[in-house]
Amino acid sequence: MEFLEAVFVTPFASIADNPEFLLEVIIGGLLTGVMYSLVALGFVLIYKASGVFNFAQGVMVLFAALTFVGLINLGMPVWLAFLATIAVMVALAFVIERVVLRPLVNQEPIILFMATIGITFFLNGFGQLVWGSDIKVLDIGIPKEPIIIGGILINEFDLVAAAVAGVLVAGLAVFFQKTTVGRALRAVADDHQAALSVGIPLKTIWVIVWSVAGIVGLVTGIMWGSNLGVQFSLSLIALKALPVLILGGFTSIPGAIVGGLIVGAGEKVAEVFWGPAFGGAIEDWFAYMLALVFLLFRPQGLFGERIIERV
Amino acid sequence: MSSVKTIGETLLKADGITLAFGGVKALTDISVEIKRHEILAIIGPNGAGKTSMLNVINGFYHPQHGTITFKGATRSQMRPYEAAAQGIARTFQNVALFKGMTTLDNIMTGRLLRMRKNMFWQALYWGPAKKEELAHRAFVEKIIDFLEIQAIRKVPVGKLPYGLQKRVELARALAMEPELLLLDEPMAGMNVEEKEDMCRFILDVNDEFGTTIALIEHDMGVVMDISDRVVVLDYGRKIADGTPDAVRGDQQVIDAYLGVAHG
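Residues numbered from 1 in each chain as written. Chains lettered and ligands numbered in written order. Predicted model: local features only at pLDDT ≥ 70, side-chain atom pairs only at ≥ 80, totals over all residues.

(A) View of the interface of chain B and chain A. Tallying the contact residues gives 27 residues for chain B and 20 residues for chain A. Top element by residues in the side of chain B that touches chain A is helix 2 (residues 80-85) of chain B. It accounts for four residues. A breakdown of the residues in the side of chain B that touches chain A according to their chemical character gives 17 nonpolar, five polar and five charged. (Contact = placed C-beta atoms within 7 Å. Helix = DSSP H or I, 4+ residues; strand = E, 2+ residues; numbered from the N terminus. Nonpolar A, V, L, I, M, F, W, Y, C, P; charged D, E, K, R; others polar.)

Below, the structure is given as structure tokens:
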């Protein structure tokens, strides 16, 4: 009885008592959700363009952030370190294409997926070998003051993150839907062989898309790294992207955004209002439960193009 | 047969092509010439190596021996996109379209190589690139009219019936303005009416654009009707090469099709 009351009565009573607090929790959650969206975006990019679920996306985030911090600690100005890290990620894309993807043209997606697991292990070790495994502080001067807008407490940092994500998403959406390269990318995702036969150079496309995913990874790494410090666990945020992808659909950029927002807001609300009923810490697993429910009723996600059959 | 038509000099010459997968020889010492403006049919029983031959010509397979001379340049290996860039377009036996994309987008991919702006720049500048896109769009509309697929412009091709998918695939190949068009069983799985339409399109393409065509087909009626020359493969070897009439009467060909014991 007590449990049922804690699930079905108490939360609603406290929401009714103080609706503004609910709004505050939701906004806080949405802004965290933006950060999840950023991670999910990297997955969607590669999945859209090559039909591969890139297990290495999380570690690419970590690697980009490590490189960025490492270069700053070597005394580079922030802008130079940013450009240099982009160069590193593009170089990485070239290497991955040459060493991993090219020998595997026309293989089953599952084989490419396994290859990305290999990339994960390699990058993980390589990153720590070069930059060490200590936690590094990343501060590029993004303000972190809490501010109050309309009676609601908001963290300035979250606002900046939301703005950055917004710009990235708008840019990528235009890139995919409106440009010739975007069409070539979608073509490659659909059918490697057919793409080759109309003269799309597969290797150029793969380098472009892995570069873009690397750059998105860098932005993600900077945002998450400023928040949590740059450390190994950064690569685990990739796991948080999975429920986001299941909600939003693996092939949809807007889906990644909306999925991230739902997961972010959902888990905060669940934690604050329903947490006590379950003894707290439901934030950690709420997203996965939500994803399970989605898998039962809408396996292609909210915006997915078709049933996910490849992963 | 189409009326007056001048077959030109050799456009593509395959010389002594041998292709093996491990111990299995798919093609053995095959030499074929394709002349400008002709329609060449490649026929043969299942597993004779017809599709392998097309795959060699457009660079999907790299033969162990032999060379291919296209427009005067000889090579033993070529990447598929290089073949595409030099003017070889193809369709596939089991339709290789971009199923999630619309008919129009599918055909537009055929224009990629004709777009002059480098891909990287296209992604960044899209003022001039957009203008260029419009010109290509106009060209694609002509092909759409030509193949009579106006009504399905915006339909994702995955939703189209098979016969129409084949037509869209042909449209995509035509959008590349190829000099040599390779068609792998363009009429497979079609009903009589669709076959007649497809025959008409192939003849029209050959006639109006002067495109050289090499096709694989199982329907002998179609082959005899539309082709200028027929090459017959059996067990990876060429067993006949000549006009439809000459090939029809060839004893080896009859044996191959009726399944006389080899050996």
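Let us keep going from here.
(B) Spatial organisation of the environment of I222(A). Residue and element names in this part refer to chain A. Relative to the assigned elements, I222 resides in helix 10 (residues 202-228). Note: C-alpha distance between I222 and I140 (82 residues apart in sequence) is 8.6 Å. Once residues lying within four places of it in the same chain are set aside, the contact partners of I222 are A65, F68, L138 and I140.

(C) Main features of the sheet that holds strand 2 (residues 24-35) of chain B. Residues and elements named next belong to chain B. If you walk across this open sheet you meet the four strands as 2-1-4-5, and the pairing is antiparallel. The open sheet has two edge strands, strand 2 and strand 5 (73-75), and neither has a second partner. This sheet shows a mean twist of 15° between the axes of neighbouring strands, independent of strand direction. (Pairing = 2+ DSSP bridges. Axes fitted to C-alpha atoms, helices over the stretch in contact; angles between N-to-C directions.)

(D) Fine view of the pairing of strand 1 (residues 10-21) of chain B. Residues and elements named next belong to chain B. Sheet topology note: the strand 1/strand 2 ladder contains eight bridges and is antiparallel. Bridge pairing in strand 2 links A20 to K25. Where strand 1 lies against strand 4 (residues 65-70), five bridges are found, and the strand directions are antiparallel. Bridged to K13 within strand 4 is T69.

(E) Region of the structure containing the sheet that holds strand 10 (residues 237-242) of chain B. All names here are of chain B. If you trace the six strands from one edge of the open sheet to the other, you get 6-7-8-3-9-10, paired in mixed fashion. Whereas interior strands pair on both sides, the edge strands pair on one side only; in this sheet they are strand 6 (88-90) and strand 10. If you compare each strand with its neighbour and ignore which way they point, the axes differ by 20° on average. Direction of pairing for strand 7 (residues 180-184) relative to strand 8 (residues 212-216): parallel, over a ladder of five bridges. Each bridged residue has a counterpart across the sheet, and for L182 the counterpart in strand 8 is A214. Its contacts with the sheet place helix 1 (residues 50-57) against strand 3 (39-43), strand 6, strand 7, strand 8 and strand 9 (229-234), and it is angled at close to 150° to strand 7.

(F) Structural context of the nonpolar core. Formed by 166 residues in total, the largest nonpolar core has its most connected members in A40(A), A65(A), V188(A), I200(A), I205(A), V209(A) and A171(B). Here the element with the most residues in this core is helix 10 of chain A; it accounts for 15 residues. Split by domain, the residues of this core number at least three in each of domain 1 (1-87 + 178-263) and domain 2 (100-176) of chain B. (Core = buried A, V, L, I, M, F, W, Y, C linked by C-beta atoms within 7 Å. Buried ≥ 20, exposed ≤ 12 C-beta atoms within 10 Å, placed from the backbone. Domains from an automatic or database assignment.)

(G) How the structure looks around the domain arrangement of chain B. Residues and elements named next belong to chain B. Segmenting chain B into domains produces domain 1 (1-87 + 178-263) and domain 2 (100-176). Put simply, the middle of domain 1 and the middle of domain 2, counted by C-alpha atoms, are 26 Å apart. In this complex, domain 1 contributes 10 residues to the contact, which on the side of domain 2 involves nine residues. Counting residues per element, the ones that place at least two in the side of domain 1 that touches domain 2 are helix 2 and helix 7 (192-209). Here the element with the most residues in the side of domain 1 that touches domain 2 is helix 7; it accounts for three residues. Split by residue class, the side of domain 1 that touches domain 2 holds eight nonpolar, one polar and one charged.

(H) Inspection of the packing of helix 8 (residues 180-190) of chain A against helix 10 of chain A at higher detail. Residues and elements named next belong to chain A. Their axes nearest at 10 Å, the elements helix 8 and helix 10 cross at an angle of 105°. The angle between the axes of helix 8 and helix 10 places the two elements in the roughly perpendicular class. Across the interface between the two elements, V181, A184, L185 and V188 from helix 8 touch L202, I205, I208 and V209 from helix 10. Of the residues that constitute the contact of helix 8 with helix 10, the class distribution is eight nonpolar, no polar and no charged. (Parallel < 35°, antiparallel > 145°, perpendicular 65-115°, else oblique.)

(I) Looking closely at the pairing of strand 8 of chain B. All names here are of chain B. Most of strand 8 sits out of view: five of its five residues are buried. The two faces of strand 8 match: T212, A214 and I216 on one face and I213 and L215 on the other face are all buried. Bridge count for strand 3 against strand 8 is four bridges, and the pairing is parallel. In the sheet register, I42 faces strand 8, and the bridge partner there is I216. Chirality of the crossover, the property in question, places the unit of strand 7, helix 7 and strand 8 among those that are right-handed. (Right-handed = clockwise from strand over helix to strand, strands pointing away.)

(J) Summary view of the packing of helix 11 (residues 237-248) of chain A against helix 12 (residues 253-274) of chain A. Residue and element names in this part refer to chain A. In the contact formed by helix 11 and helix 12, the axes pass within 8 Å of each other and the chain directions differ by 120°. The angle between helix 11 and helix 12 falls in the class oblique. Crossing of helix 11 against helix 12: the hand is right-handed. Between helix 11, through P243, V244, L245, L247 and G248, and helix 12, the contact on the second element is made entirely by G255, A256, V258, G259, G260, I262 and V263. (Left-handed = near helix turned anticlockwise from the far one by under 90°.)

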